[in-house]
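# Analysis of the macromolecular model
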Amino acid sequence: MNMHAISVALCALAATAAATSAQALPAIDPSPLPAKVWNTLSGAAPLVIGHRGASGYRPEHTLEGYALAIAQGANYIEPDLVMTKDGELIARHEPLLARVELNANGTIKMVNGAPVLNRTDSSTNVWQLAKYADRLTVKNVDGVKTAGWFAEDFTAAEIRNDIRAQERLRDLRLGNNAYNNQFVIPTLQEVINLAKAKTLETGRVIGIYPETKHPSYFKNFTDANGLQRMEDKLIATLHANYGNDHNAPVFIQSFEVHNLEYINSKTDIKIIQLLNGSGNPFDDGRSYAELASAAGLDSIKTYADGVGSNTNLMIPLVGGKLGSPTQLIANAHQRGLAVHGWTFRAENVFLPNEFDSSADPAAYGDLTGQIKAFVDLGMDGFFTDQPLLGVAAVATLSAVPEPQTYALMLGGLVGVLSLARRQKRAN
């Protein structure tokens, strides 16, 4: 390792320790990134997207987690969006505020008179609030029977007043449990307010990357209750804050197809079609593998500006290790589509085996090595739970003096998106 790489690694480790052990956030170096041609669609550095905030260090989808991601140098922060009973958009990973386990017959699993908590998909303390015990229910979400407390059964005021965030991966990210029950559940507008305030404070543009979660499910909910459709609420909020501007620092993403086509008919703001590693969109008969093909990308480019790809669609795993790359990035770039990969996490349990540091699932491995494999293919940006390490990885690959200097870069946003002027489709 050369002296520069050692310096970058030491800076990243020191800042990570500070971020995880204290409330003080690392400072951002405002110096510009030296020019470098990358193997991306625009030739600019790949974007670092704070996945649900800095969710490796704070409970996800909290203003505190988003602020930490920004302090660590993320270019964008990502709020997943669900709806409340009164039609407010709030940031949660799923409609469920907390999830419980089901028996084989579809009934709620109980032990000693209490429901058994799902320990990887419960992100608030609602399950501990006796006043809301009667709102535990079983619903069908996109064809899957699911039990818990659902956001759409609570008003925005109830969520604001009573419910607080908890660490979702509570048995893996043990340090994050120290922040449980402290942070409110933010609305979309509050996330936007934070991004705009930090843009003024830091002098660099902070973008937002909202995802419509289960839009078909929520359309049924809004139709049944006479509420504004999720997509219309989102577009109205974005236009009020950013204008109907293709160059606004915003990407709208979804795993569904037809809701993105609908959004495309209503706005010029940038759109990203999410691609999972298996299965198919709930509202479309094609598989994600088909959508990732050349023909599928031809379809996507008519309503979107890029794809948000599961890493396995770019480099499949073979025996737990990275195999041979596919042509997804090259094919997307040929069509003027950007490719943003997800999700890059530092813990061994999430890394391909060759990047593991030990058998400890919670220990950090070689995240930089994994990121490099995808950046070498031309990946245009990536979602990461550890934005600080993502920024440091890009800095290492670009040979800039310090990892924080990357923070100014918005990844050639205008250059990328000028190549992908999508066509408008009818509703």
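Residues numbered from 1 in each chain as written. Predicted model: local features only at pLDDT ≥ 70, side-chain atom pairs only at ≥ 80, totals over all residues. Heavy atoms only, no water.

### What to know about the overall build of the protein
Of regular secondary structure, the protein possesses 14 helices and 18 strands. Looking at the protein as a whole, 56% of its 427 residues qualify as buried. When contacts within the protein are restricted to residue pairs at least 6 apart in sequence, long-range pairs at least 24 apart make up 71% of them. (Helix = DSSP H or I, 4+ residues; strand = E, 2+ residues; numbered from the N terminus. Buried < 20%, exposed > 50% of the residue type's maximum accessible area, 1.4 Å probe, protein only. Contact = heavy atoms within 4.5 Å.)

### Some words on the side chain of R58
Relative to the assigned elements, R58 resides in the loop between β1 (47–50) and α2 (63–71). No salt bridge is formed by the buried R58. Its closest oppositely charged neighbour is E64, at 7.8 Å. Reaching out from R58, the side chain makes a polar contact with the side chain of Y179 at a distance of 3.3 Å. (Lys, Arg positive; Asp, Glu negative; His and termini not counted. Salt bridge = Lys/Arg side-chain N within 4 Å of Asp/Glu carboxyl O. Polar contact = N/O pair within 3.5 Å; in protein donor to acceptor, adjacent residues only side chain to side chain.)

### Comments concerning the pairing of strand β3 (residues 80–83)
Across the two faces of β3 the burial is the same, with D80 and V82 and L81 and M83 all buried. Pairing of β3 with strand β11 (residues 211–212), which is carried by two bridges, proceeds in the parallel orientation. Directly across from D80, in β11, lies its bridge partner E211. In terms of strand pairing, β3 meets strand β4 (residues 89–91) through three bridges, oriented antiparallel. Paired with M83 across the two strands is L89, which belongs to β4. Counting the residues between successive antiparallel strands, the hairpin from β3 to β4 contains five residues, one of them, G87, with a positive phi of roughly 85°. (Pairing = 2+ DSSP bridges.)

### A look at the nonpolar core
Core analysis: the largest hydrophobic core is formed by 94 residues, its most contacted members being I208, L238 and I300. Leaving out residues up to four positions away in the same chain, I208 has contacts with Y76, I77, L188, I192, A195, L238, Y242, P249, V250 and F251. Core analysis: the next-biggest nonpolar cluster, separate from the first, contains nine residues, I49, Y209, F251 and I272 among them. (Core = buried A, V, L, I, M, F, W, Y, C linked by side-chain atoms within 4.5 Å.)

### Digging into the confidence of the model for the protein
Taken residue by residue, the protein gives an average pLDDT of 89. The fraction at 70 or more is 85%. Segment residues 1–28 is flagged for pLDDT under 50; beyond a separation of four residues in sequence, or across chains, it makes 46 contacts in the model. A low-confidence stretch, residues 423–427 (pLDDT under 50), is modelled with 17 contacts involving residues beyond four sequence positions or located in other chains. (pLDDT = per-residue confidence, 0-100.)

### Description of unusual backbone geometry
For the bond from W342 to T343, the omega torsion is -15°, close enough to zero to count as cis. Positionally, T343 belongs in strand β17 (residues 338–344). A positive phi angle, close to 60°, is found at R52, a residue other than glycine. Among the structural elements, R52 can be located in the loop between β1 and α2. One non-glycine residue, H61, adopts positive backbone phi at about 55°. The topology assignment puts H61 in the loop between β1 and α2.

### As for the packing of aromatic side chains
Under the defined criterion, the tally for this structure stands at 12 aromatic pairs. Note on Y209 and F251: the rings are 4.9 Å apart at their centroids and 25° apart in plane angle, and the pair reads as stacked. Taken together, the residues span a long stretch of sequence, with Y209 in the loop between β10 (207–208) and β11 and F251 in strand β12 (residues 251–254) at a distance of 42 residues. Of the two residues, Y209 and F251, both sit in the buried class. For the ring pair F218 and F221, a centre distance of 6.3 Å and an interplane angle of 85° mean the geometry is edge-to-face. Placement of the pair is F218 and F221 together in helix α5 (residues 215–225), with a separation of three residues, close to one helical turn. Through a chain of ring-to-ring contacts, the aromatic side chains of Y76, Y209, F251 and F383 assemble into a single cluster. Against the face of F150 rests K139, its NZ or CZ located 4.8 Å from the ring centre. (Phe/Tyr/Trp six-rings, centres within 6.5 Å; stacked < 30°, edge-to-face > 60°. Lys NZ or Arg CZ within 6 Å of the ring centre and 35° of its normal.)

### Considerations on the packing of helix α4 (residues 188–202) against helix α6 (residues 230–242)
At a closest axis distance of 11 Å, the pairing of α4 and α6 adopts a crossing angle of 25°. In terms of orientation, α4 and α6 fall into the roughly parallel class. When you trace α4 past α6, the crossing you get is right-handed. The segment α4 lies against α6, with L188, Q189, I192, A195 and K196 engaging L234, T237, L238, N241 and Y242. Looking at the contact of α4 with α6 residue by residue, the class counts come to six nonpolar, three polar and one charged. (Axes fitted to C-alpha atoms, helices over the stretch in contact; angles between N-to-C directions. Parallel < 35°, antiparallel > 145°, perpendicular 65-115°, else oblique. Left-handed = near helix turned anticlockwise from the far one by under 90°. Nonpolar A, V, L, I, M, F, W, Y, C, P; charged D, E, K, R; others polar.)

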